[in-house]
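These are the residues of each chain, in order.
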Amino acid sequence: LFQNAFGLRHVPLFNTASVTNMGAMFQGCYLLKSIPLFNTASVTSMGNMFTSCHSLESIPLLNTASVTNMSSMFSTCRSLVSAPLLNTASVTNMSSMFSSCTSLQNVPLYNTASATNMASMFNACASLKTVPLFNTANVTNMSSMFNGCTTLESVPLFNRSEEHTSELQSRFGISYAVFCLKKK
């Protein structure tokens, strides 16, 4: 709808009650800082919804209960410091969700019980220091999940052992030092 509206700064509130796909809706809106509270109760896909919204600073509390795809939803949102609180209980694809969000520092605890793809979810989030404990029981792809997260201090995903460290390093794309920081 507003894809590549490079100069867009404000979005009016309009009726979105019947919308099921908001994929790429604001992709490339470089100057957009916030959006109004849309009715998103019927939406199932928000993939690339805010990709490359470089100035995006905040998101209202959207109803995301029906969403299954959040792939690249906030990718390259360089001004986003805190990830918004979202209902992710139905989401299966979270790949690259916050990839290249270079200012991202805080991530709330998301319900990831349905997630199967978390590849590159936080790739190149250079300001991210910690992440909450995610349920990764059904995740089949976590490749490069934290690749390029140069300030990441801990990853509380699961119990780890010395023999699994090299596998985890390649899977998540982070250094051995990150896994040992909190090790006792």
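What counts, and at which threshold
Residues numbered from 1 in each chain as written. Predicted model: local features only at pLDDT ≥ 70, side-chain atom pairs only at ≥ 80, totals over all residues. Heavy atoms only, no water. Helix = DSSP H or I, 4+ residues; strand = E, 2+ residues; numbered from the N terminus. Buried < 20%, exposed > 50% of the residue type's maximum accessible area, 1.4 Å probe, protein only. Areas by Shrake-Rupley, 256 points an atom, 1.4 Å probe, with all protein chains shown as cover. Phe/Tyr/Trp six-rings, centres within 6.5 Å; stacked < 30°, edge-to-face > 60°. Patch = residues over 30% accessible without salt bridge, like charges linked within 9 Å, V, L, I, M, F, W, Y side chains within 5 Å. Salt bridge = Lys/Arg side-chain N within 4 Å of Asp/Glu carboxyl O. Contact = heavy atoms within 4.5 Å. Polar contact = N/O pair within 3.5 Å; in protein donor to acceptor, adjacent residues only side chain to side chain. Disulfide = S-S within 2.5 Å.

Counting its regular elements, the protein contains two helices and zero strands. Within the protein, the fraction of its 184 residues that count as buried is 47%. Total accessible area computed for the protein in this model is approximately 8,300 Å², and 50% of it derives from carbon and sulfur atoms.

The next thing to look at is unusual backbone geometry. Residues other than glycine seldom take positive phi values, yet S72 does so here, at roughly 55°. Of note, S72 is situated in the segment before helix 1 (165-172). We classify S72 as buried; its relative accessible area is 13%.

This part takes up the packing of aromatic side chains. The description of two aromatic rings rests on the distance between their centres and on the angle between their planes. A full pass over the atoms with the stated rule returns 12 aromatic pairs. On the numbers, 5.5 Å between centres and 5° between planes, the contact of F2 with F26 is stacked. In this pair, F2 sits in the segment before helix 1 while F26 sits in the segment before helix 1, placing the two residues 24 residues apart along the sequence. For F26, a relative accessible area of 0% translates into the label buried. Each ring, one from F26 and one from F38, has its centre 6.2 Å from the other, and the planes form 20°; the classification is stacked. Here the residue F26 occupies a position in the segment before helix 1, and F38 occupies one in the segment before helix 1, the gap between them amounting to 12 residues. Side by side, F26 and F38 carry an identical accessibility label, which is buried.

Further remarks concern a nonpolar patch on the surface. Together, F6, Y30 and L31 line one region of the surface with nonpolar side chains, adding up to about 250 Å² of accessible area. Position of Y30 among the secondary structure elements: in the segment before helix 1. Residue Y30 is classed as partly exposed on the basis of its relative accessible area of 33%.

All right, on to the environment of S52 then. With respect to the helices and strands, the residue S52 is situated in the segment before helix 1. Here the alpha-carbon distance between S52 and S100, two residues 48 residues apart in the chain, equals 9.4 Å. Those residues in contact with S52, other than ones at most four positions away along the chain, are G28, C29, Y30, S75 and T76.

We now examine the side chain of T76. As for its position among the elements, T76 is in the segment before helix 1. Look at T76 and you get buried, because its relative accessible area is 16%. At a separation of 3.4 Å, a polar atom in the side chain of T76 contacts the side chain of S75. Leave out the neighbours within four places in its chain, and T76 touches S52, C53, H54, S99, S100 and C101.

Glancing now at the side chain of S120. Tracing the backbone shows S120 in the segment before helix 1. Residue S120 is classed as buried on the basis of its relative accessible area, which comes to 17%. With near-sequence residues (within four places) excluded, S120 lies in contact with S96, S99, S143, S144 and M145.

This part takes up the state of the cysteines. Summed over the entire model, instances satisfying the criterion amount to zero disulfides. Lacking any disulfide linkage, C77 is separated from the closest cysteine sulfur, that of C101, by 5.1 Å. With relative accessibility at 0%, the residue C77 sits in the buried group. C149 provides the cysteine sulfur closest to C125, a residue in no disulfide bond, and the two sulfurs are 5.2 Å apart.

Another point: the environment of L13. Relative to the helices and strands, L13 is located in the segment before helix 1. For L13, a relative accessible area of 60% puts it in the exposed group. As a C-alpha pair, L13 and F38 span 25 residues in sequence and 6.8 Å in three-dimensional space. Beyond its immediate sequence surroundings of up to four residues, L13 is in contact with P36, L37 and F38.

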